[in-house]
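Geometric and topological summary
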Amino acid sequence: MKLGLLTACMPERGLPEIAAWAGANGYEALEIAAWPEIDSRPFTASHLRVERFTQEDADKTLELLAQHGLTLSALAYYPNNLHPDPEQRRQANDYVTRCVDAAALLGAPPVGTFIGRDPTKTVAQNLTEAERIFPPLVEYAGERGVRLMIENCVMEGWHPDGYPGNLAYSPELWEWMFDLGLYLNFDPSHLLWLGIDPVQALKPYVDRVIHAHAKDAETFPELRNRFGFFGSTATREDDPWSMGWWRYRIPGLGAVDFPHYVDTLYEGGFDGVLSVEHEDPVWGGSPEKVEAGLRIAHTNLRPLVVQ
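This part takes up the overall build of the protein. Counting its regular elements, the protein contains 10 helices and 10 strands. Relative to the compact-globule value of 19 Å for 307 residues, the protein shows a C-alpha radius of gyration of 18 Å, a close match. With the principal axes as the frame, the protein shows a C-alpha extent of 50 × 40 × 40 Å. Counting over 307 residues, the protein shows a buried share of 54%.

This is the structure:
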């Protein structure tokens, strides 16, 4: 297992600067953000533009990482692949294939994305639609030696009422998507506030986890008593991503049991990358604070990941 980071927390920097910083601060891998442009959604970035990506581009990227003692753990592009607007959905699906093409040139790291959800349709209708959309994407990737993985983020901000906007948030849905040929980019933080024990949820599925996130979450029961599980409603329009009673944290600063989480990955035979996804508001807001947050994450996780 290696310790890496997702580059999306540094959207204002170029990949050479991020690689140099990561290597100098003890990280071993990068999960490279590959959105076509910086999205209006927080924590998106364009550190690898895959639209016209060539073998020369791939060679330069891998050489850059190697110069700093890094490997490439995954390409990250997380849109709503079931977007209610047909054209936006088509663009998202097509861009996933561009990421696959780039990954194939880069040695075939996995490509991470979301299932998504059309909030105008029922869950059952969305699952049926996903069963139409994803098998061709999985086949396209497989023909190029690339695996598609889905992160279990709830994406409540994609739904007007804060309901799940990514139909991959629970073990029940994981089993459904595994049948489509998809893999899991496991993130324990999303399970914590759902009331699901991340370690217990992970144990039966480690063989389908090909990439793992290191992100924590902190809950505030007294605020949940005010808003309820589904979060704030009257102020939801101010920030669709804030439910009001929990927040993401740097690993070790929340409630996820990271020693047992990492141990469960090892016990299940996982030998991929544990990638820090930094979305902690306490250690965000400026490049300097983001760097400090990543250093804290490294300090807390390094003893758990065997070198």
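For an α-helix, the turn length of 3.6 residues means that residues three or four places apart are oriented alike. Listed as buried for helix 9 (residues 258-267) are Phe-258, Tyr-261, Val-262, Thr-264 and Leu-265. Buried residues of helix 9, seen end-on, are gathered within an arc of 155° and therefore sit on one face of the element. Backbone geometry just after helix 9 places Gly-269 at a positive phi near 90°.

A word on unusual backbone geometry. Phi angles above zero are rare outside glycine, and Ala-108 is one such case at about 70°. Mapped onto the secondary structure, Ala-108 falls in the loop between helix 3 (86-105) and strand 4 (111-113).

We now examine the packing of aromatic side chains. All told, the structure shown has 18 aromatic pairs when counted by the stated rule. When the centroid spacing of 6.0 Å and the interplanar angle of 50° are considered together, the rings of Phe-178 and Tyr-205 count as tilted. Of this pair, Phe-178 sits in helix 5 (residues 171-178) while Tyr-205 sits in the loop between helix 7 (198-202) and strand 7 (209-214); the two residues are 27 residues apart in sequence, bridging distant segments of the chain. Tyr-205 shares its class with Phe-178; the two are buried. Ring geometry for Trp-193 versus Trp-245: centroids 6.3 Å apart, planes at 80°, classification edge-to-face.

Definitions and cut-offs
Residues numbered from 1 in each chain as written. Predicted model: local features only at pLDDT ≥ 70, side-chain atom pairs only at ≥ 80, totals over all residues. Heavy atoms only, no water. Helix = DSSP H or I, 4+ residues; strand = E, 2+ residues; numbered from the N terminus. Rg over C-alpha atoms; globule rule 2.2 N^0.38 Å. Buried < 20%, exposed > 50% of the residue type's maximum accessible area, 1.4 Å probe, protein only. Arc of directions from axis to C-beta. Phe/Tyr/Trp six-rings, centres within 6.5 Å; stacked < 30°, edge-to-face > 60°.

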